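Per-entry structural report
Here is how the chains run, residue by residue.
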Amino acid sequence: MREIIEKCDLPGLRESLFLGIAEAQELGKEFIGVTLSDGKGLIFKVNPFDETVYSLFLMSTDNIDGLPRIGVFKNKEDITYFIYEINNYGDFFKTLSESVSAVYVEVIGGDLEDFLYRAEGG
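About the cut-offs
Residues numbered from 1 in each chain as written. Predicted model: local features only at pLDDT ≥ 70, side-chain atom pairs only at ≥ 80, totals over all residues. Heavy atoms only, no water. Helix = DSSP H or I, 4+ residues; strand = E, 2+ residues; numbered from the N terminus. Buried < 20%, exposed > 50% of the residue type's maximum accessible area, 1.4 Å probe, protein only. Polar contact = N/O pair within 3.5 Å; in protein donor to acceptor, adjacent residues only side chain to side chain. Contact = heavy atoms within 4.5 Å. Pairing = 2+ DSSP bridges. Core = buried A, V, L, I, M, F, W, Y, C linked by side-chain atoms within 4.5 Å.

**Digging into the side chain of Lys45**
Here Lys45 is to be found in strand S2 (residues 41-47). Looking at Lys45, the relative accessible area reads 15%, which means it is buried. Polar side-chain contacts of Lys45 include one of 2.9 Å to the side chain of Glu120. Those residues in contact with Lys45, other than ones at most four positions away along the chain, are Glu30, Phe31, Thr52, Val53, Tyr54, Ser55, Tyr117 and Glu120.

Here it is, written out as structure tokens:
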């Protein structure tokens, strides 16, 4: 997690991750979702007990070329999301607009959690 915090100066991300990690520890969950002010979302697969980040995903209603897509998720409101794996944290965070910030954090459960495990093959 420290590597991500060091490579990203996204406003609110540091606080969101620490809050998400604490909640994930309490709930025994591995996925933390951070909603960005531009409507996209970051999904972190973590070990909340040692603060290790295993994977980072981008969740967007936009189909984005150039990123490896792990799947397409449709929620209960019938909104389609494209989910992409981010392999190079530093390069990815450089692509975010300077006007983007983290606005909301939650531990992911339910259908999206199940979908993420299946998409990862686990």
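**Brief notes about the environment of Asp62**
Tracing the chain through its elements places Asp62 in the loop between strand S3 (52-60) and strand S4 (69-74). Along the chain, Asp62 and Met1 lie 61 residues apart, while their C-alpha atoms are 27 Å from each other. Not counting residues within four places of it along the chain, the set of residues in contact with Asp62 comprises Lys40, Phe82 and Tyr84.

**Side note on the side chain of Glu113**
Looking at where Glu113 falls in the secondary structure, it is placed in helix H4 (residues 110-120). A residue is classified by how much of its surface remains accessible, and Glu113, at 9% relative accessible area, is buried. Within the structure, the side chain of Glu113 is placed 2.9 Å from the side chain of Lys29, a separation counted as a polar contact. Beyond its immediate chain neighbours, meaning those up to four positions away, Glu113 contacts Lys29, Phe31 and Ile108.

**Description of the pairing of strand S5 (residues 80-86)**
Extensive coverage of S5 is indicated by the burial of five of its seven residues. Pairing geometry for S4 and S5, over five bridges, is antiparallel. The residue of S5 that forms the bridge with Phe73 is Tyr81. Connecting the antiparallel pair S4 and S5 is a turn made up of five residues, with Asp78 showing a positive phi of about 65°.

**Topic: the nonpolar core**
Residues Leu13, Val34, Leu42, Phe44 and Phe93 are the most contacted members of the largest nonpolar core, which totals 28 residues. At the level of elements, helix H2 (13-27), strand S1 (31-36), S2, S3, S5, helix H3 (89-95) and strand S6 (102-107) are the ones that each hand at least two residues to this core. Sorting elements by how many residues they give to this core places H2 first, with four residues. Excluding residues that lie within four positions of it along the chain, Leu42 makes contacts with Leu10, Leu13, Ile32, Gly33, Val34, Leu36, Leu56, Phe57, Leu58, Phe92 and Phe93.

**Observations regarding unusual backbone geometry**
The residue Glu51 is not glycine, and still its phi comes out positive at about 60°. Its relative accessible area of 31% is what places Glu51 among the partly exposed residues. Residues other than glycine seldom take positive phi values, yet Asp78 does so here, at roughly 65°. Residue placement: Asp78 occurs in the loop between S4 and S5.

**Quick notes on the environment of Glu85**
Topologically, Glu85 is positioned in strand S5. The class of Glu85 is partly exposed, set by a relative accessible area of 29%. As a C-alpha pair, Glu85 and Phe57 span 28 residues in sequence and 4.5 Å in three-dimensional space. Excluding anything up to four places from it in sequence, Glu85 contacts Leu56, Phe57, Pro68 and Ile70.

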